Every structure is written in C-alpha cells, then in structure tokens.
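# Fold and contact review
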Amino acid sequence: MIRRLFTLAFKNIFRARNRTMITIIAYAFGIGLYVFINSLLTGFYNTSVENIINKDIGEIKVMGNDYNIDDAIPLPETFFEYTKYTDISEQYEYCSPDMQFIASIITSDISAKTVIRGVETDKADSIFHYSNDIVEGVWIDRCNDNEVVIGGRIAHSLNLKLGDMFTLIFKNRDGNFDAFDLNVGGIISTGNPNIDRLSIFMPLAKAQEFMAANGLISGISIKTKKYNTEKIKINETFTGVSAYTWEDLSEDFLNLDKMKSGFSSILIFMIVIVATVGIFNTILLGMFERKREVGMLKAMGMSRRQIELLFSIEGGIIGFVGSVAGIAFGFLINLPFVIKGFDLSVYGDMDIGYPVQGVVKSLWGFEFIIPALILGVIIAVLASYYPARRAARLEPVKTLRD
Amino acid sequence: MIKLENLKKTYNPGKIEVHALDNVSINIEEGEFLTVHGPSGSGKTTLLNILGCLDIATSGDYYFKERDVSKLSMSDLSNIRRINIGFIFQTYNLIPVLTAYENVELSLMLAHSKYKKEDILNALDDVGIKDLAKRFPREMSGGQQQRVSIARALVKSPKLILADEPTANLDSENATMIMEAMKEMNEKYNVTFIFSTHDPLVMNFAKRLIKLKDGKIETDERK
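Residues numbered from 1 in each chain as written. Chains lettered and ligands numbered in written order. Predicted model: local features only at pLDDT ≥ 70, side-chain atom pairs only at ≥ 80, totals over all residues. Heavy atoms only, no water.

## Some details on the overall build of chain B
Check the secondary structure of chain B and you find seven helices and ten strands. Seen through its C-alpha atoms, chain B measures out along the principal axes to roughly 50 × 35 × 30 Å. Within chain B, counting contacts between residues at least 6 apart in sequence, those at least 24 apart form 69% of the total. Surface exposure of chain B reaches about 9700 Å², of which carbon and sulfur atoms provide 46%. (Helix = DSSP H or I, 4+ residues; strand = E, 2+ residues; numbered from the N terminus. Contact = heavy atoms within 4.5 Å. Areas by Shrake-Rupley, 256 points an atom, 1.4 Å probe, with all protein chains shown as cover.)

## Remarks on the side chain of Asp196 of chain A
Residues and elements named next belong to chain A. Mapping Asp196 onto the fold places it in helix 6 (residues 193-196). Within the buried set, Asp196 has no salt-bridge partner at all; the shortest N-O distance to an opposite charge, 7.1 Å, is to Arg153. A polar contact is formed between the side chain of Asp196 and the backbone nitrogen of Gly191, at a distance of 2.8 Å. (Buried < 20%, exposed > 50% of the residue type's maximum accessible area, 1.4 Å probe, protein only. Lys, Arg positive; Asp, Glu negative; His and termini not counted. Salt bridge = Lys/Arg side-chain N within 4 Å of Asp/Glu carboxyl O. Polar contact = N/O pair within 3.5 Å; in protein donor to acceptor, adjacent residues only side chain to side chain.)

## Description of the pattern of salt bridges
Residues and elements named next belong to chain B. Within this structure, the stated rule accounts for 25 salt bridges over all chains. Here Lys3 makes a salt bridge to Glu5, at a shortest N to O gap of 3.2 Å. Judged by its relative accessible area of 36%, Lys3 falls in the partly exposed class. Glu5 gets classed as partly exposed once you look at its relative accessible area, which sits at 28%. The shortest N-O distance in the salt bridge between Lys71 and Asp61 comes to 3.3 Å. With Lys71 in the loop between strand 5 (67-68) and helix 2 (74-84) and Asp61 in strand 4 (residues 59-64), the pair connects residues that are ten residues apart, well separated along the chain. Residue Lys71 is classed as exposed on the basis of its relative accessible area, which comes to 62%.

## Re the nonpolar core
By size, the foremost hydrophobic cluster in this structure holds 136 residues, and its most contacted members are Ile88, Phe101, Leu168 and Ile220 of chain A together with Ile2, Tyr62 and Ile194 of chain B. Of all the elements, helix 2 (residues 17-55) of chain A adds the most residues to this core, at 13 residues. With residues up to four places along the chain from it excluded, the contact list for Leu168 of chain A reads Ala103, Ser104, Ile105, Thr114, Ile116, Asp178, Ala179, Phe180, Leu182, Ile200, Met202 and Phe210 of chain A. Among the nonpolar cores identified, the runner-up in size contains 35 residues, and Leu108, Ala133, Leu170 and Met179 of chain B belong to it. (Core = buried A, V, L, I, M, F, W, Y, C linked by side-chain atoms within 4.5 Å.)

## Some details on the packing of helix 11 (residues 291-299) of chain A against helix 12 (residues 304-339) of chain A
All names here are of chain A. Taken N-terminus to C-terminus, the directions of helix 11 and helix 12 make an angle of 140°; their axes are 10 Å apart at the nearest point. By the angle class used here, helix 11 and helix 12 are oblique. For the crossing formed where helix 11 meets helix 12, the hand is right-handed. On helix 12, the residues touching Val294, Leu297 and Lys298 of helix 11 are Arg304, Ile307, Leu310 and Phe311. Of the residues in the contact of helix 11 with helix 12, the class split is five nonpolar, no polar and two charged. (Axes fitted to C-alpha atoms, helices over the stretch in contact; angles between N-to-C directions. Parallel < 35°, antiparallel > 145°, perpendicular 65-115°, else oblique. Left-handed = near helix turned anticlockwise from the far one by under 90°. Nonpolar A, V, L, I, M, F, W, Y, C, P; charged D, E, K, R; others polar.)

## Details of the environment of Thr245 of chain A
All names here are of chain A. Take Thr245: it is sitting in strand 12 (residues 241-245). For the pair Thr245 and Tyr27, spaced 218 residues apart in the sequence, the C-alpha separation amounts to 42 Å. Excluding anything up to four places from it in sequence, Thr245 contacts Glu59, Ile60, Tyr227, Asn228 and Lys231.

## A short note on the environment of Gly353 of chain A
All names here are of chain A. Checked against the element boundaries, Gly353 lands in the loop between strand 13 (342-343) and strand 14 (359-360). Distance from Gly353 to Ser48, taken between C-alpha atoms, is 9.8 Å for residues 305 residues apart in sequence. With residues near it in sequence (within four places) discarded, Gly353 still touches Phe253, Leu256 and Lys260.

## Topic: the side chain of Ser323 of chain A
Residues and elements named next belong to chain A. Inspection of the secondary structure puts Ser323 in helix 12. Exposure remark for Ser323: the relative accessible area of 0% places this residue in the buried category. Ser323 has contacts with Tyr27, Ile31, Ala372, Leu373, Gly376 and Val377, leaving out every residue within four places of it along the chain.

## Regarding the sheet that holds strand 1 (residues 2-11) of chain B
One key point about sheets: their strands pair by backbone hydrogen bonds, in either a parallel or an antiparallel sense. Residues and elements named next belong to chain B. Read across the open sheet, the four strands follow the order 2-1-4-5; overall the sheet is antiparallel. Two strands lie at the open edges of the sheet, namely strand 2 (18-28) and strand 5, each paired on one side alone. Sheet strands in contact with helix 1 (residues 44-51) are strand 1, strand 2 and strand 4, and its direction is about 125° off that of strand 1. (Pairing = 2+ DSSP bridges.)

## What to know about the interface of chain B and chain A
Contacts between the two partners involve 22 residues from chain B and, on the opposite side, 20 residues from chain A. The junction of chain B with chain A conceals about 2100 Å² of combined surface from both sides, 67% of it contributed by carbon and sulfur atoms. Taken as a group, Val97, Met109 and Leu110 of chain B account for 25% of the area that chain B buries against chain A, more than any other trio of residues on that side. Summed over the shared surface of chain B and chain A, the number is three salt bridges. Between Lys11 of chain A and Glu102 of chain B there is a salt bridge, and its shortest N-O distance comes to 2.8 Å. Inspection of the chain B/chain A interface yields seven residue pairs in polar contact (both at pLDDT 80 or more). Those elements that place two or more of their residues in the side of chain B that touches chain A are helix 2, strand 6 (85-89) and helix 3 (100-111) of chain B. (Buried area = accessible area lost by both parts, 1.4 Å probe.)

Worth remembering: the numbers are spatial, not functional.
The structure is reproduced here in structure tokens:
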C-alpha cells in the first residue's frame, strides 16, 4: 500500500507541473544556500585553524604564569627563563621558544604598530615552515646581522622593499625606550594576518638583546596531536608556567565563528521558511483542487491516516527533490570557491574576524549532504502536515457532491 | 442483507430543520437490483450516502449484514466501505493520474492486502475493457470511464454496489451497455446493486423500484 501511495503521490505532484517546479526551485535555492554558506564558512574556519596552529601559536603555547589570556601579546613582565624549561623542549619533537613584544616601526614618512617575534630560526621553521612562506629575500637564518623578515602586508602598507631601512622603537624590559635601525632581509606571506600585517621576525638572541632580557622568553609553541592531555600534563609537571591550547588562545575567533554560523543559520532558516511556505501552498492548493478525488478515495475506504500520509508523502517528495536539487545547486555555486577560492584581497586589510587573508578556499561540504536531505524532507513533511490533515478531515458526502 | 428501521436524517437539528429522510424502513436482500427514484430533494442521495456508510442517520437503525452500523465511528464505517461497498458515480470519479488498471488496483489494494494481477484484469475483462488497461481516464470515452468505475467497484467482490445516477452523463447506447454490464455482474456474482436515478432506462433494468417523496417511501414495487 505504501508503495502505491508513493506512486500516487509522485504522480500527483506533477499534475500542477509549473507550480511544483517553482516550489522545488525555491526549495532548492534555500537548501543550496545552506550547503554553500556552510561549506564556505567551514572553509574559512578550517583555514583559520590551520593558520593559527601552523603559522602562529601551534597546538599548545606555554606562557609565563603571570600571562593574562586577554593580552594578545604577552607583557615583558611575564617573560620567563628558558633554561628552566628545556625539559619541555626535550619532550616534544616540535617545540619552539619565542619572545614577542610590541614595537613601533618607522620609515621615512609613516609609522605603524608591529609585533616583534624573536624565534630560534631552525625550531620555528620546523614547526611553522616560515622559510616556505618567504616571498622575497631570505628567512632569518640567512639574513645579515641587521636584517629582519617582515610581514608582507605591513611591508606593503609602509612601502618597504627588500633592503630598505626602517627604525624600530620599543620599550625594553627595563622600561627604557630603545631604537634600532634595521633592514628588510626578507618578506613573508603566510596567509595569517597576525603575521603578515603585524609581525617582524628576528633571531631570538637579537630580540632578547633588544629587550635587555637575556635568557628570557615569552612563550614556547608546541605541536602535538593530543594537545588537551598534553596541556594538563605540562601544567601538572612544571611550575612557573602555564600551558594553553590554541583554542584557549583563540576564544575571540571561536566565539565569532559561532556567532557567524548562528547568523548564517538564521538567514538560511528564513530562506527555508519562505520555501516551506511554497510547499505548504502547493500541497494546500492541490488539496483544494482534488477535494472530489479525496472524497472518492475515502469512499473507497482509504483511512484518514492514509490520506494524511498521501499528502505528506507529496510534500516529502517535493522536499526530497528540492533538497537533492539544492545540494547540487549548492555544490555548483561552491565549485569556483573550492577551485579558485574566495579572494579577500579585494577587501584590502579589512578585518573580517577570521585569521585569514588572501585567497581562502571553500570546502566541498560533503558532511552537509545528509543534514540538508534530512532537514529538507522533514521541513517539507511538516509543511504538508496542515493541508494533509485538512484533506484527511474532508467529508466524502460533501466533496463528492461538489 | 440490509435492514433500515425508522431511519431519520435531519439537517440543521434544533434550527430550521430539514428532514431529508423521515422514518424510512426497508429490507434489501442479497443480490437485489433496485432503484431509488423520486424528485429532486426527495432524499435519494441522502439514503444512498447512509446505505454506503458515507453518512450517519440522525436516528433509527441500519443493519448491514445483521450488524448495527448506525452507531459506528467514522473509522469503522470506513472499514465497512473498504471491504463491502463499491461506489459508482455519475462523474466516474476516477483518479486522473492513474491508468484504468491502477484505478482498479487501488480499490483492490485498499480492500485486500493480497491480490493477483489477474483479479484486476478479470474485473476489466468483465466490463469489456481489458484492452484499455493501460489508458488514462483522459484517453477514454465517458462510457469506457464508467466501465472502469464499475470494474473498480466490483474488483474487491463487495456485497453492495451503490450507483448514483450512473447513466446521467452517457448517451442512450452507452447507458444501455453500462446497465447490461451491471446486470450481468449482478447475476454472475450475486452482488446487490442499488441505483439512485431519474433515468427510465435504469428503472427498466431494475427488479425493484423504491420511490421517495419528501424523505418518505411513497412506493416500493417489485417487478
């Protein structure tokens, strides 16, 4: 019987072909946007996470005990002695100490805020592969004594070219202002705006010397898969330092991602609601047009439940076809963003909240196929509920007389 | 098979009451071929609706196969219709998106969970349209469509077939053929046929004529 109801429902929905097609198209549009937006946002999210882990923080960052998690850059007072924690370096294969501090960069006519990143050249490169991101010049291991590597976006905004000189002004750990003239030895472009828009790389020893903080570091980046358990282990083993996961240090980004996902869900929900009204309308009109037929089916002994089921199946089929078409549509509009990516450079240095820049690629979003199908069919069946219920309550005596 | 006792059907009870049926009592035996006729508003359709378990009486008793169905729920009445009662309408009421075969099959499917393809083809063959099994209603004449509706009513081997003005939309030649087909089925399968009609042709075929007037039985004649 169910098979026959499906056959009948399938034939019924194509009786008003144009109406059904318009409904399916509207539904497909809503579902397509659901797939596309989620795929794109997932692409942004994954790229952001990759940028955070692979270019900035690592999976764990060990900071001085006094470090305030709200500070993007650790204050000099929180620096700690690296020699006390060399065991950490020995425990983890991918581990890189650094010293970060804020400075001002001044060229002949412009100044800007910058973050100095003093790193051990080999260790930093083994974790973050910065040498692969050098677009001009060389990584700091091959720079001259007064040369540093500068982020591509900051170099661009300050009009700094390879070999150009600039002045760095900062307050050292003793509270005294210092200034040094440096040259651009390399320009780096990682795709992480924290690096590309803000950072200047130099050897750790030079940064320590600048800050009058010999032997001190601001943090140790670690790459390890089981970062949550390793964080606990470090915190239990070592005193004077605290370990944070990349998630702990990226709370703002993670909250923003949740908020954006929420907003997009609301937008998609509204689109799906509009499409759902289309299904409701299609099934309701179908019910009005086929009142006599429903009366006949009831006269033949079809139960209320079966009539309800028939109309719900009709809605479900529209939902299913619309969802399948929507998934295909979503994948189609997603295609150029997967292959070529979404070019953020057209927005300049505008902060979109995600630690991404340049071209960000969308994902295929295969994980949204099943939710889109389930969501599409369930919403359509729910939208058909009222017309189906009305159809089931039609009295054959009245409808057969109409 | 059917026994009506003091059946009343009143519309708008408590307000301006219209007595569609007023103390109607009838006995109908299995295998009868009878017509209910009378002027418009005499209560023919109301009587057929109640006999067909599509409607319930305001008062009185209706026994179908010795079971009092006047107090049953709509769901139970639906079950009785599904298995025991076939309907034939003036406007055929075929499902337009289903072929002749599928229209007949749907009726059989609702009545019995198990059936054979031959049952459907035999029903179509009985009314002489086996070769039209794959046609949709729109591809058939009025007479052919009415034959499909007869096959649809007959296929589930019901005890009772109710036909509401079955010849009203047919020319006399087709009407005669339809009536002959139904007469044959009545004799072959001993199915009870009750017609509501104005058509003298239908009345000519009937073995029993019940005339209604103002909701009451005016005459009940057997030929």
